[in-house]
Amino acid sequence: MAETTTETRIEINRVLPGTRARIYQAWTDVELFVQWYGTDPERTTLDARPGGKWRGVLVYEGQEMTFSGEFVELVPDSRVVLTLTDQADGSGPHALITVALTEVEGGTNVRFTQVGPLPEEYLEATTAGWQGYLDELEKVTG
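Residues numbered from 1 in each chain as written. Predicted model: local features only at pLDDT ≥ 70, side-chain atom pairs only at ≥ 80, totals over all residues. Heavy atoms only, no water.

Trainee: Which parts of the structure should I look at to understand the overall build of the protein?
Mentor: Check the secondary structure of the protein and you find three helices and seven strands. Across the protein, helices and strands are ordered from the amino to the carboxyl terminus as β-α-α-β-β-β-β-β-β-α. Over its C-alpha trace the protein gives a radius of gyration of 15 Å, about what one expects of a compact globule, namely 14 Å for 142 residues. For the protein, the spread of C-alpha atoms along the principal axes amounts to about 45 × 30 × 30 Å. Counting every position in the protein, which comprises 142 residues, the buried fraction comes to 42%. Accessible surface computed for the protein: about 7,700 Å², of which carbon and sulfur atoms make up 49%. The positive charge centre, built from 11 side chains, and the negative charge centre, built from 23, are 6 Å apart in the protein. (Helix = DSSP H or I, 4+ residues; strand = E, 2+ residues; numbered from the N terminus. Rg over C-alpha atoms; globule rule 2.2 N^0.38 Å. Buried < 20%, exposed > 50% of the residue type's maximum accessible area, 1.4 Å probe, protein only. Areas by Shrake-Rupley, 256 points an atom, 1.4 Å probe, with all protein chains shown as cover. Lys, Arg positive; Asp, Glu negative; His and termini not counted. Charge placed at Lys NZ, Arg CZ, Asp CG, Glu CD.)

Trainee: Can you help me understand the packing of helix α1 (residues 20–28) against helix α2 (residues 30–37) in this one?
Mentor: Between two packed helices, the angle of one axis relative to the other and the distance separating the axes together describe the packing. Where α1 meets α2, the closest approach of the two axes is 6 Å, and the angle between their N-to-C directions is 90°. Here α2 runs roughly perpendicular to α1, going by the angle between their axes. On the side of α1, the interface is formed by Arg-22, Gln-25, Ala-26, Trp-27 and Thr-28, while α2 contributes Val-30, Leu-32, Phe-33 and Trp-36. Per-class residue counts for the contact of α1 with α2 are six nonpolar, two polar and one charged. (Axes fitted to C-alpha atoms, helices over the stretch in contact; angles between N-to-C directions. Parallel < 35°, antiparallel > 145°, perpendicular 65-115°, else oblique. Contact = heavy atoms within 4.5 Å. Nonpolar A, V, L, I, M, F, W, Y, C, P; charged D, E, K, R; others polar.)

Trainee: Explain the side chain of Thr-98 here, please?
Mentor: Mapped onto the fold, Thr-98 is located in strand β6 (residues 95–104). Those residues within four positions of Thr-98 in sequence are excluded, and the remaining contacts are Arg-79, Val-80, Val-81, Arg-111, Phe-112 and Thr-113.

Don't take any of this as a statement about function, it's just geometry.
Rendered as structure tokens:
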């Protein structure tokens with residue numbers, strides 16, 4: 001069956017017990033990022049500034065997957081916008097990831113949005129994957 005790639009939108013809202021500052025830091029500090037994203041610390045780089053590149057190699061069940069992109073916008077303790085591709089050479093297509101942080105009772109609301117091309121048959125697994133990443137983010141920031 002041939003893949004059909006469409007422009008997709010994944011939205012997840014989750015209240016995490018951590019502060020906005022700590023959650024923002026987990027997206028922009030390489031030492032925290034590798035703890036929740038699961039990439040190899042020796043092969044993960046974050047240049048957390050607009051236009052700065054990021055890259056991480058995830059090793060899972062003996063296979064490697066490289067994720068990379070560029071930071072588009074950073075508003076301390078409030079918003080992270082970056083691009084994401086899983087092409088090993090960093091080429092496209094790229095999804096746009098937006099993470100908006102809002103203080104709420106009990107912690108921080110994390111509004112995660114991914115917009116970009118994605119084969120339809122990967123939508124459910126990709127959404128579940130981001131839910132898992134947010135589970136790990138909660139462990140690191142809570």
